[in-house]
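Observations on chain architecture
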Amino acid sequence: MSTEAHGDSHFLQHHYDTPAQQFNAAKLGMWLFLAQELLFFGGLFVAYGVFRSWYPQAWVVGSHLLDYRMGALNTAVLLLSSFTAVMAVRSAQTGNQKATGNFLLATIALAGVFMVVKYFEYAHKFEVGFLPGSHFAPHGVGLAEIVEAARESGVNGVPYHLRTFFGLYFVMTGVHGLHVLIGMFVMGWMWNRNRKGEFSTRYSTPVEMTALYWHLVDIIWIFLFPLLYLID
Amino acid sequence: MTTEPLASHSPSSPDDGEVHHHVASARRHVIVLLALLGFTALTVGAYTINLGEWNLVAAVVISTLKAALVVWFFMELKDDVAFNRLVFLGAVIFIGLFMAYTMNDTRHRNRVDAYNGARVDPRSGEFAGGTAAGIVAQGGELGPLPVIAAESDGEAAHE
Amino acid sequence: MTVEAEAEAAIPADPHHIPEGADYITHEHGLKSWLTTVDHKRIGVMYLISILLAFFAGGVFALILRTELLTPGKTIMEADTYNEMFTLHGAIMVFLFIIPSIPAALGNFFLPIMIGAKDVAFPKLNLASLYIYWIGAIFTLIAIVAGHIDTGWTFYTPYSMRGDNSAVWMTIGVFILGFSSILTGLNFIATVHKMRSPGMHWRRLPLFIWGIYATAVIQVLATPVLAITLLLLATEKIVGIGIFDPALGGDPVLFQHFFWFYSHPAVYIMILPGMAIVSEVIACFSRRKVFGYMFIAMSSVALALLGFLVWGHHMFVSGQSEYATMVFSALTFLVAIPSGVKIFNWLATLYQGSISLESPMLYSLAFIALFTIGGLTGLFLGTLSTDIHLHDTYFVVAHFHYVMVGGTVFGFLSGLHYWWPKITGRLYDERWARVAFVLVFIGFNVTFFSQFILGSRGMPRRYYSYLDQFQPLHMTSSGGAYIIGVGFVVMAIMFAKSLKSGAKAGRNPWGSAGYEWPHPHNFAEQPVFTRGPYDYHLATERELFTGTDEEWDAHMAKKGEA
Ligand SMILES: [Cu+2]
């Protein structure tokens, strides 16, 4: 073996001096990436704020048309997946290759559960015509649901701007869901790299960065859940 | 007593160019997870009791706390360098700025001149949607409730 | 893996290793070596070629537009074609040329060198962002071919909701270009923070780097909002989600908020790098330490942050709330402070300097004059009462061309002339460079100063036809545009001749104390910086020597004899 200080650091890219420098740069880069992700979602939250303040009745009735139990279930699932992600990082940092792989798989599985629940929610809305904007055309059970939701929220009529609510609902959850899918894909990639033994106590940066991304996806959902599902 | 230290390295690690992780205990992660789940239960609980205007405030405050837990412990901003914290904080501040300034417009339109920008065509008197004056001109934003046949489980109303 | 193999793998191949006698251009050959390179210099050069092509395309559109405007009514094209032309001119110039121009091309080339790094923090990401730029450009091309975008580069709703879907192609193109910009910015911030060589502390950072750094902050924080805006716009157009379309209860003015939350800060993405180059060039051609170094550096950061607070000044007549309007107007005036700080510090740097007026310096001095006019007329537009009169007139067109062309493009040209010998290894013909400068400078002022007059007399922007009384000024403006065109042709020939048969440049043809000069391309080994980039009194004779290496040897031999 090489006796040089970092001679066995095959993971160290040529333009860095030390593993610490490489790690710190990667981490800063990741936080900057997360900052831009935040601003990206921030735009959606601004649109949400504007229309919620304009169309409060549509927002109340709209949120009663969503199943808050499904939302709560998905929140718990994502929080749990954040926990498994952080445990994957911990396992990688302590050099436990097997546990790293298993925790990554668990995270992917939980993300899968989230998407399945999401699928059922979407499927129902498509079925009863709770579609965004110009496609909003409730029929069948949907009409009964609207009557029920209006009664529950004390609104005497059908808010015209339910279509705007569902427009934003689909865009916000859709963009978030896309991020979940991307996260699943990246974690699958990390699982494969871990399986090949690319990570060690000295180098687990990619797992850590993936987990950071995953936590951000979780944070977005932490806000989406009460803002969409829980409006009184 | 915990046998595992909360962080295996002090911040003043030797400057040997190696990466020194603050490996947190599994116990801490479990505690954070339980807190997050607890807060979620609290949010749902707050929803089922009617707090009126305060429901939104409660939802946002609890969500912010949850997000803070994730950021501080799971994402380990707790042990991170100051600049990474600044990056995160900066992004949040700029979202706040974006929202505050935009809503300073959308919530205060047509205060000085009620017709400014509200009409699509001054001759026909048609109002633009999306402005407060426009909504009022259209007779409010509510349409009639649909008439549902008695005992319908949805089949009857199907087109 | 055997121990030997492991040891073998332990020594990573250095893709930047350039053998003796070769340089970054010649050490590898073939298209593939360029397309797969992670060398920041080669990536910078590929960006440079790409943005120059975009600039050429945008410039051709500009000349066509000015030709159409020679006479009221139809001159060479129909009104619809004219509308498409000015949209393409704006969109190409803004998204494909100006925004990536200085940071992605010159910044990529010089950022690592000036801080003593081997490369940017994430070289592969750097190459990826170039590819993303190309993909975005392809979508923009599809939009041009597929046809019919006449919304202007701002894509305002509800107009952009109408018509066919070719606007969607353009939207996707710009969306993708935005990601290229974000990744470049992210890369640069990480590079400045983590890749500096020993001795390169923040108070020694060249002002070019400070400018690029402040730009990168905007790129990371503002561009994602453009991305979500365009995503919502495309979704609105295809699905009709009811966010921007008033017919569905959406708010077209909200689109303007979204768009300008990005696009006002984007003005600083465009101008800060120009200012950054001017700071370098002024110091070099005055042979002086920059006056008020920290003030120039911090004013860049201040501009980057203040730029986020003023976007509503584009919306004074949009039906925006009067309260928002007043706040945005008041804040707009704050922006003048850091801009003024820069101007005064540059002037103070010139004071008692030993000034030489070579072509890079000419462009930089022109920058100061033109940017001052552009900036001050911006205050007219930030004032509520005058903006009501001037909004959407040629006054606005003249204002932002003074900032973007007189500012950014002149800054870019200054940098291109200044660093040309470093990038290509060759000198250019200074006389023809000055001829080109005079043509571009005069042409520019003739073109756009007449537009200030046109606008203040009420000529609306984006109009195909106009009243007869405006024709003399429109013709003057078009004449100026042709002079600019001739100037650029002269410049192109001058640079082409330099590439083909220019004299070999020495390491430091301008005798600058900047860090990027005294070494061939990157530093051979990690440097330790012991002086500032403008410390002419501390630079060695070798560092400031303007001739070639052979001439230096001859010079030393002569000295030895004496
Ligand atoms: Cu502006």
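Residues numbered from 1 in each chain as written. Chains lettered and ligands numbered in written order. Predicted model: local features only at pLDDT ≥ 70, side-chain atom pairs only at ≥ 80, totals over all residues. Heavy atoms only, no water.

Some thoughts on the overall build of chain C
We apply this condition: Each helix is a run of DSSP H or I of at least 4 residues and each strand a run of E of at least 2, with the numbering of both proceeding from the N terminus. The cut-offs for exposure are 20% and 50% of the maximum accessible area for each residue type, with area from a 1.4 Å probe on protein chains only; residues under the lower value are buried, those over the upper are exposed, and the others partly exposed. Here a residue-residue contact requires only that any non-hydrogen atoms of the pair lie within 4.5 Å. Every accessible area reported is derived by Shrake-Rupley at a probe size of 1.4 Å, with residue values counting cover from the shown protein chains alone. In summary, the charge assignment counts Lys and Arg as positive and Asp and Glu as negative, without counting His or the chain termini. A charged residue contributes its charge at one atom only: NZ of Lys, CZ of Arg, CG of Asp or CD of Glu.
When you go through chain C residue by residue, the secondary structure sums to 17 helices and zero strands. Counting only C-alpha atoms, chain C reaches 80 × 65 × 45 Å along its principal axes. Scored against the burial criterion, the 562 residues of chain C give a buried share of 61%. Considering only residue pairs separated by 6 or more positions, chain C has 81% of its internal contacts joining residues 24 or more positions apart. For chain C, the exposed area adds up to about 20600 Å²; of that, 68% sits on carbon and sulfur atoms. Considering chain C, the positive charge centre built from 32 side chains and the negative charge centre built from 36 side chains are found 6 Å apart.

Section: the overall build of chain A
Here is the rule we go by: Our radius of gyration is a C-alpha quantity, and the globule rule it is checked against amounts to 2.2 Å times the number of residues to the power 0.38.
Along its length, chain A carries seven helices and one strand. Listing the helices and strands of chain A from first to last along the sequence gives α-α-α-α-α-β-α-α. A compact globule built from 232 residues would reach a C-alpha radius of gyration of about 17 Å, whereas chain A, at 22 Å, exceeds it by more than 25%. Along the first, second and third principal axes, the C-alpha atoms of chain A reach 80 × 30 × 25 Å. Looking at chain A as a whole, 69% of its 232 residues qualify as buried. Restricting the contact set of chain A to residue pairs at least 6 apart, pairs at least 24 apart contribute 79%. Split by element, the accessible area of chain A, about 7600 Å² in all, is 63% carbon and sulfur.

Remarks on the coordination of the copper ion
All names here are of chain C. As a reminder of what qualifies: The rule for donors is simple: N, O or S, within 2.8 Å of the metal, or within 3.2 Å if the metal is Na, K or Ca. Water isn't counted, so a site may look like it is missing partners.
Within the protein, the copper ion binds to His264 (ND1), His313 (NE2) and His314 (NE2); these donor distances fall in the range 1.8 to 2.0 Å. Site description for the copper ion: donor spacing in sequence, H-x48-H-H. Given a relative accessible area of 22%, His314 falls into the partly exposed group.

What to know about the interface of chain A and chain B
Going by this rule: As a working definition, buried area equals the accessible area (1.4 Å probe) given up by two parts on being put together, with both sides summed. We define a salt bridge as a contact between a side-chain nitrogen of Lys or Arg and a carboxyl oxygen of Asp or Glu at a distance within 4 Å. Any N or O atom pair separated by 3.5 Å or less is treated as a polar contact, with the protein-specific requirement of one donor-capable and one acceptor-capable atom, and with residues adjacent in sequence counted only for side-chain atom pairs. The nonpolar class holds Ala, Val, Leu, Ile, Met, Phe, Trp, Tyr, Cys and Pro. Asp, Glu, Lys and Arg form the charged class, and all remaining residues, Gly among them, are polar.
Across the boundary between the two partners, chain A contributes 72 residues, which contact 65 residues of chain B. Carbon and sulfur atoms make up 73% of the area that chain A and chain B hide from each other, which totals about 5900 Å². Put simply, chain A and chain B have two salt bridges between them. As a salt-bridge pair, Glu18 of chain B and Arg202 of chain A come within 2.7 Å of each other at their nearest N and O atoms. Applying the counting criterion to the chain A and chain B interface returns eight residue pairs in polar contact (both at pLDDT 80 or more). For the side of chain A that touches chain B, the elements supplying multiple residues, two or more each, are helix H1 (19-54), helix H2 (56-64), helix H3 (68-93), helix H5 (141-152), strand E1 (158-159) and helix H7 (205-229) of chain A. With 20 residues, H1 of chain A is the single largest residue contributor to the side of chain A that touches chain B. Across the side of chain A that touches chain B, the residue classes tally to 45 nonpolar, 20 polar and seven charged.

Section: the packing of H2 of chain A against helix H6 (residues 162-195) of chain A
Residue and element names in this part refer to chain A. Test applied: In this analysis, axes come from line fits to C-alpha atoms, helices being fitted only over the stretch in contact, and the angle between any two N-to-C directions falls in the range 0 to 180 degrees. Geometric relationships in this document are graded by angle, where less than 35 degrees denotes roughly parallel, more than 145 denotes roughly antiparallel, 65 to 115 denotes roughly perpendicular, and other angles denote oblique. Rotating anticlockwise by less than a right angle from the far helix to the near helix defines a left-handed crossing, while the corresponding clockwise rotation defines a right-handed one.
Interhelical geometry of H2 versus H6 gives an angle of 60° and a closest axis separation of 8 Å. Here H2 is positioned oblique relative to H6, judged by the angle of their axes. The crossing of H2 and H6 is right-handed. Contacts between H2 and H6 involve Ala58, Trp59, Val61, Gly62 and Ser63 from the first element and Leu162, Thr164, Phe165, Phe166 and Leu168 from the second. The class makeup of the residues in the contact of H2 with H6 is seven nonpolar, three polar and no charged.

Here's the deal with unusual backbone geometry
Residue and element names in this part refer to chain C. Residue Thr157 is joined to Pro158 through a cis peptide bond whose omega torsion reads 0°. The topology assignment puts Pro158 in the loop between helix H5 (123-146) and helix H6 (166-194). One non-glycine residue, Arg287, lies in positive phi territory at about 50°. On the secondary structure map, Arg287 appears in the loop between helix H8 (252-286) and helix H9 (293-306).

Things to note about the packing of H5 of chain C against H6 of chain C
All names here are of chain C. In the contact formed by H5 and H6, the axes pass within 8 Å of each other and the chain directions differ by 165°. Accordingly, the angle class assigned to the pair H5 and H6 is roughly antiparallel. In this structure, H5 meets H6 at a crossing whose hand is left-handed. Within the contact of H5 with H6, the residues separate by chemical class into 17 nonpolar, nine polar and no charged.

Regarding the interface of chain A and chain C
Opposite the 40 residues of chain A that make contact, chain C presents 47 residues. Between chain A and chain C lies a buried interface of about 3400 Å² when both sides are counted; carbon and sulfur atoms form 72% of it. Ranking the residues of chain A by area buried against chain C places His14, His15 and Phe40 of chain A at the top, with a combined share of 20%. Counting the contacts that link chain A with chain C gives zero salt bridges. Breaking the side of chain A that touches chain C down by element, the ones donating at least two residues are H1 and H6 of chain A. For the side of chain A that touches chain C, the element with the highest residue contribution is H1 of chain A, accounting for 18 residues. Residues of the side of chain A that touches chain C, tallied by class, amount to 22 nonpolar, 15 polar and three charged.

Comments concerning the nonpolar core
Rules: Among the buried residues, those of types Ala, Val, Leu, Ile, Met, Phe, Trp, Tyr and Cys that are joined through side-chain atoms within 4.5 Å form a nonpolar core.
Judged by nonpolar contacts, the single largest core of 295 residues is most densely connected at Phe166 of chain A together with Phe95, Phe208 and Trp419 of chain C. Every residue in contact with Phe208 of chain C, bar those within four places of it in the chain, is listed here: Ile102, Leu106, Gly107, Phe110, Met114, Ala276, Ile277, Glu280, Trp419 and Tyr534 of chain C.

Focus: the pattern of salt bridges
Residues and elements named next belong to chain C. Within the structure shown, the criterion is met by 18 salt bridges over all chains. The salt bridge involving Lys41 is made with Asp39; its shortest N-O contact spans 3.2 Å. We note that Lys41, like Asp39, is buried. In the salt-bridge network here, residues are joined through shared partners; they are Arg507, Arg542 and Asp549.

What to know about helix H10 (residues 322-350) of chain C
All names here are of chain C. To be explicit about the condition: Expected span of a helix: the number of residues minus one, times 1.5 Å.
With 29 residues, H10 extends 44 Å between its outermost C-alpha atoms, agreeing within 8% with the 42 Å of an ideal straight helix rising 1.5 Å per residue. Looking at where H10 begins, the residue whose side-chain oxygen comes 3.1 Å from the main-chain nitrogen of Tyr323 is Ser321. Of the residues one or two after H10, Gln352 is the one with positive phi, at around 65°.

Things to note about the confidence of the model for chain C
All names here are of chain C. To keep things clear, this is the line we draw: What pLDDT reports is the predictor's confidence in each residue, on a scale of 0 through 100.
Here chain C shows a mean pLDDT of 91. Residues at 70 or above account for 96%. Of all secondary-structure elements in chain C, the lowest mean pLDDT belongs to helix H1 (residues 3-10), at 44, while helix H14 (residues 430-456) reaches the highest, 97. Residue range residues 1-12 is modelled with pLDDT below 50. Its contacts to residues more than four positions away, or to other chains, number eight contacts. Here the predicted complex carries an ipTM of 0.93, next to a pTM of 0.91.

A closer look at the confidence of the model for chain A
Mean pLDDT for chain A: 91, with 96% of residues reaching 70 or above. Segment residues 1-7 of chain A is flagged for pLDDT under 50; beyond a separation of four residues in sequence, or across chains, it makes eleven contacts in the model.

Quick word on the packing of aromatic side chains
Condition: Any two rings among Phe, Tyr and Trp, with Trp reduced to its six-membered ring, count as a pair given centres within 6.5 Å; such a pair is stacked if its planes are under 30 degrees apart, edge-to-face if over 60, and tilted if neither.
Under the defined criterion, the tally for this structure stands at 78 aromatic pairs over all chains. Between Phe94 of chain B and Phe308 of chain C the ring centres are 4.5 Å apart and the planes differ by 70°, which places this aromatic pair in the edge-to-face class. One end of the pair, Phe94 of chain B, is in helix H3 (residues 82-106); the other, Phe308 of chain C, is in the loop between H9 and H10, on a second chain. The exposure class assigned to Phe94 of chain B is buried, which follows from its relative accessible area of 12%.

Structural notes on helix H7 (residues 207-238) of chain C
All names here are of chain C. Between the first and last C-alpha of H7 there are 45 Å, a value that for 32 residues agrees with the 46 Å anticipated at 1.5 Å per step. With 28 of its 32 residues buried, H7 lies for the most part within the structure. Taken from the residues just after H7, Gly240 is the one with a positive phi, measuring 80°.

As for the side chain of His40 of chain C
In this fold, His40 of chain C is placed in helix H3 (residues 40-68). A polar contact is formed between the side chain of His40 of chain C and the backbone oxygen of Phe109 of chain C, at a distance of 3.3 Å.

Topic: the environment of Asp150 of chain C
Residue and element names in this part refer to chain C. Tracing the backbone through its elements, the reader meets Asp150 in the loop between H5 and H6. Relative accessible area serves as the criterion here: at 13%, Asp150 is assigned to the buried category. Along the sequence, Asp150 and Asp80 sit 70 residues apart, while their C-alpha atoms lie 7.6 Å from each other. Once you skip the residues sitting within four places of it in the chain, Asp150 turns out to touch Asn83, Glu84, Thr87 and Tyr159.

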